[in-house]
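# Close look at the chain arrangement
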Amino acid sequence: MQQQGADRVVVQLPGVQDTARAKDILGRTATLEVRMVNEDPGALELAMGGQVPLGSDLFVERSGAPVLVKRPVVLTGDRINDAQPGFDGRSNEPAVHINLDGSGARIFKELTRDNVGKRMAIVLVEKGKAEVITAPVIREEIGGGKVQISGRMNTREANDISLLMRAGALAAPMEIVEERTVGPSLAKRTSKRVSTR
């Protein structure tokens, strides 16, 4: 994604074949929030009974399990440099691989260092609706700014989530002015032309 002039943005989506679907997703915006899970004894039971503790929200995980999440947002998607679909190296399940900027990497490192053994929730907010993608237990400090989100998603969902996260910066109305699709044959012709000079 690159700014072009005062009121235009160029969006390049390598590997995306379905341009109509890509335009639909770019017309949506999603933000990522990292929040801590409220694990106070009895809090989840109270929330499920209709008494959500002050400063918490009751959500449902993708698995269908209820999860009580603290309201303060520890990290947001504006700290994301890139999000790409891929696979979990251990389980080979579809996943989204996220690169955080320097500030985001520092915040995430401190968060994971200070909360080992506790659960954090990765919340995707789209059109005012929040969904907990996963709420894993923090096993160890995670530094380096590389984060993986996985858990009960298929390959298409991983693609959509990563595209939504990359497009999240476009939180303004959009009008598509020009659309181009470049295939591998154009790249071959270009490289041949360059080599003959």
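Worth saying up front: this structure is predicted, and the values here are computed from it rather than measured.

Scanning the protein from N- to C-terminus turns up 5 helices and 11 strands. Counting over 197 residues, the protein shows a buried share of 34%. The long-range share in the protein, meaning contacts at least 24 apart out of those at least 6 apart in sequence, stands at 62%. Approximately 12,600 Å² of the protein is accessible, and the part contributed by carbon and sulfur atoms is 49%.

Attention now moves to unusual backbone geometry. Excluding glycine, a negative phi dihedral is what most residues carry, and trans is how most peptide bonds are arranged. Positive phi, close to 65°, is recorded for Asn 92, a residue that is not glycine. By the secondary structure assignment, Asn 92 is in the loop between strand E7 (80–87) and strand E8 (94–100). Look at Asn 92 and you get exposed, because its relative accessible area is 57%.

Here the focus is empty space enclosed by the protein. Any empty space left between atoms is shown by rolling a water-sized probe over those atoms. The tally for this structure, following the rule as stated, stands at 1 cavity of 30 Å³ or more. Taken as a whole, the largest cavity spans an internal volume of roughly 40 Å³. If you trace the largest cavity, you find it lined by Leu 32, Val 34, Leu 75, Ile 98, Leu 100, Phe 108, Ile 122 and Val 147. By residue class, the composition of the lining of the largest cavity is 8 nonpolar, no polar and no charged.

So, on to the confidence of the model for the protein. Summarising the model, the protein shows a mean pLDDT of 80, and 80% of its residues fall at 70 or more. By mean pLDDT, helix H5 (residues 184–196) is the weakest element of the protein at 46, and strand E5 (residues 66–70) is the strongest at 96. A low-confidence stretch, residues 189–197 (pLDDT under 50), is modelled with 0 contacts involving residues beyond four sequence positions or located in other chains.

What follows is about the pattern of salt bridges. One pass over the full model with this rule turns up 7 salt bridges. Among the ionic pairs, Arg 119 bridges to Glu 61, the shortest N-O distance being 3.4 Å. With a gap of 58 residues between them, Arg 119 in the loop between helix H3 (102–114) and strand E9 (120–126) and Glu 61 in the loop between strand E4 (56–60) and E5 connect regions that are remote in the sequence. On the basis of relative accessibility, which here comes to 16%, the residue Glu 61 falls in the buried class. Within the structure, one salt-bridge network assembled from shared partners comprises Glu 33, Arg 35, Asp 57 and Arg 71.

Strand order in this open sheet of 3 strands is E7-E8-E11, and the pairing throughout is antiparallel. With partners counted over all chains shown, the strands left at the sheet margins are E7 and strand E11 (146–150), one partner each. Averaged over all adjacent pairs, the angle separating strand axes in this sheet is 25°, with direction ignored. As paired strands, E7 and E8 are joined by 7 bridges and run antiparallel to one another. Residue pairing in the sheet places Asp 82 in a bridge with Asn 99 of E8.

As a further point, take the nonpolar core. One finds Val 96, Ile 98, Met 120, Ile 149 and Met 165 to be the most contacted residues of the largest nonpolar core, which totals 22 residues. Those elements that place two or more of their residues in this core are strand E3 (30–36), E7, E8, H3, E9, E11 and helix H4 (155–167). With 9 residues, the next largest nonpolar core counts Val 37, Phe 59, Val 69 and Val 132 among its residues.

Under the 1.5 Å per step criterion, the end-to-end length of H3 is 18 Å for 13 residues, consistent within 8% with the ideal 18 Å. Along H3, the residues classified as buried are Gly 104, Ala 105, Phe 108, Leu 111 and Thr 112. Down the axis of H3, the smallest arc covering the buried residues is 130°, so these residues share one side. For H3, the exposed residues set more than 90 degrees away from the buried face come down to Gly 102 and Asp 114. The backbone nitrogen of Ser 103 lies 3.3 Å from a side-chain oxygen of the residue at the head of H3, namely Asp 101.

What counts, and where the lines are drawn
- Residues numbered from 1 in each chain as written.
- Predicted model: local features only at pLDDT ≥ 70, side-chain atom pairs only at ≥ 80, totals over all residues.
- Heavy atoms only, no water.
- Helix = DSSP H or I, 4+ residues; strand = E, 2+ residues; numbered from the N terminus.
- Buried < 20%, exposed > 50% of the residue type's maximum accessible area, 1.4 Å probe, protein only.
- Contact = heavy atoms within 4.5 Å.
- Areas by Shrake-Rupley, 256 points an atom, 1.4 Å probe, with all protein chains shown as cover.
- 1 Å grid on protein atoms, 1.4 Å probe; cavity = no way out; pocket = protein on both sides within 12 Å on 5 of 7 lines; lining within 4 Å.
- Points joined across faces, edges and corners; volume = space filled by probe spheres on them.
- Nonpolar A, V, L, I, M, F, W, Y, C, P; charged D, E, K, R; others polar.
- pLDDT = per-residue confidence, 0-100.
- Salt bridge = Lys/Arg side-chain N within 4 Å of Asp/Glu carboxyl O.
- Pairing = 2+ DSSP bridges.
- Axes fitted to C-alpha atoms, helices over the stretch in contact; angles between N-to-C directions.
- Core = buried A, V, L, I, M, F, W, Y, C linked by side-chain atoms within 4.5 Å.
- Expected span 1.5 Å × (residues − 1).
- Arc of directions from axis to C-beta.
- Polar contact = N/O pair within 3.5 Å; in protein donor to acceptor, adjacent residues only side chain to side chain.

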